Amino acid sequence: MKADFYETLGVQKGADDKELKAAFRKLAMQYHPDRNPGDDACEHKFKEINEAYETLKDPQKRAAYDRFGHAAFENGGMNGAGHGFAAGGFADIFEDIFGDMMGGRRQRSSGGRERGADLRYNMEITLEEAFTGKTAQIRVPASVTCTECSGSGAKPGTQPTTCNTCSGSGRVRATQGFFSIERTCPTCQGRGQIIKDPCQKCSGHGRVIEERSLSVNIPAGIDDGTRIRLAGEGEAGMRGGPAGDLYIFLSVKPHELFQRDGADLYCKVPISMTTAALGGSFEVTTLDGSQTRVKVPEGSQNGRQFRLKGKGMPVLRQPSVGDLYIQVSVETPQNLTRRQRELLEEFEKLSSQENSPQSSGFFSRMKDFFESFGER
Ligand SMILES: [Zn+2]
Ligand SMILES: [Zn+2]
């Protein structure tokens, strides 16, 4: 059972952004892995704190969490049909808070431009779809640059003004004893600009949440666990910064009949004892929908494998194709009628060692082994 995000951060349900940030900052400092090296419990707690803050600081995610709880972010929770979103990464959020304390690793040009967060989209496809490849239409909710103010955040017709505290640099210097510390300007939060009259559409954020439709090309032969990167299709940047990327995480559903190993496919086919003994054939439908007849030579043993060349999976971005391996399993007859039993008993009487060289060989070796004990 996952802990409640509000409880994790130790805040009330109605906490505002400031309270959230303060609570997160305090806890993150306390549990940061650098301060507690080798302490797994602290690391776990740190991750929980991060996750809780990442969700609650985003108004859209917070609203979803308030309505649906943790279920909102589980696979399929937010959009159904096995799709789940998670914005940003661990590093992103970390630098968001600590960037200014850690010597400003984050690249912040004047005007506070920030790259948008990367988005993750989970997609599940069938083995047939992986075989043929497909073009998938997906809908991605992402923040995009506000068209009303072109991302400036200021009401159309007005301009953001330069921050007086930092003269537009976004950073201020404070001297404490021997140290001179540079930190983010508290007046403009590092933007270098003040918005007196915020744009109504985006409330001064410069971005709005929109659902975009994208068409994604899934190439034939794609494997489970493949990641497709769509550059610039993630969240819009802040104040003119570049957009993040969208990553599609593909998983291929297990197939009822075929198991996949790279480009090769495997299929187990049960055949009757008589087909195995007398010989025969059966038909298999391959992934391209065509049928292929497999011949079973007489005297085939259980586990015998037949290779159908070029009937496997296509190799990603290559002209070659894998093979399909058919493995037969011989089914011993059950629920015999009286007549069948008679026939098999008669067959048994007529059987010689030549009919079953493997078992006769095995039992003669077993006999030798037993006799070797008498000689000791
Ligand atoms: Zn706007
Ligand atoms: Zn400032």
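Up top is the structure these notes are about.
In this report, we go over the structure that sits alongside the text.

Summarising the metal site, the zinc ion (ligand 1) is bound by the protein donors Cys-146 (SG), Cys-149 (SG), Cys-199 (SG) and Cys-202 (SG), whose distances to it range over 2.3 Å. Coordination at the zinc ion (ligand 1) comes from four donor atoms whose angles at the metal span 103 to 116°, giving a geometry best classed as tetrahedral. Along the chain, the residues donating to the zinc ion (ligand 1) fall in the pattern C-x2-C-x49-C-x2-C. Of this pair, Cys-149 sits in the loop between β3 (134-145) and β4 (161-162) while Cys-199 sits in the loop between β7 (193-194) and β8 (207-218), placing them 50 residues apart in sequence.

This part is about the packing of aromatic side chains. Counted under the stated rule, the structure contains six aromatic pairs. Considering the side-chain rings of Phe-24 and Tyr-53, the 4.3 Å spacing of their centres and the 10° angle between planes classify their relative orientation as stacked. Placement of Phe-24 in helix α2 (residues 17-31) and of Tyr-53 in helix α3 (residues 40-56) is noted, with a sequence separation of 29 residues between them. In terms of burial, Phe-24 and Tyr-53 fall into one category: buried. Here the aromatic rings of Phe-362 and Phe-363 are separated by 5.2 Å at their centres, their planes lie at 85°, and the arrangement is edge-to-face. With a relative accessible area of 54%, Phe-363 lands in the exposed category. Three or more aromatic residues link up through ring pairs in this structure, and these residues are Phe-5, Tyr-6 and Tyr-65. When the ring centre of Phe-249 is taken as origin, the NZ or CZ atom of Arg-120, which lies over that ring, is 3.7 Å away.

To continue, consider the coordination of the zinc ion (ligand 2). Surrounding the zinc ion (ligand 2) are the protein donor atoms Cys-163 (SG), Cys-166 (SG), Cys-185 (SG) and Cys-188 (SG), at 2.2 to 2.3 Å. Each donor residue of the zinc ion (ligand 2) lies on the same chain, and together they follow the pattern C-x2-C-x18-C-x2-C. The two residues Cys-163 and Cys-166 agree in class, both being buried.

What counts and how
Residues numbered from 1 in each chain as written. Chains lettered and ligands numbered in written order. Predicted model: local features only at pLDDT ≥ 70, side-chain atom pairs only at ≥ 80, totals over all residues. Heavy atoms only, no water. Donors = N, O, S within 2.8 Å, 3.2 Å for Na, K, Ca; no water. Tetrahedral: all angles 85-135°; square planar, octahedral: opposite > 155°, others 65-115°. Helix = DSSP H or I, 4+ residues; strand = E, 2+ residues; numbered from the N terminus. Phe/Tyr/Trp six-rings, centres within 6.5 Å; stacked < 30°, edge-to-face > 60°. Buried < 20%, exposed > 50% of the residue type's maximum accessible area, 1.4 Å probe, protein only. Lys NZ or Arg CZ within 6 Å of the ring centre and 35° of its normal.

These results come straight from atomic positions and should not be treated as a statement about function.
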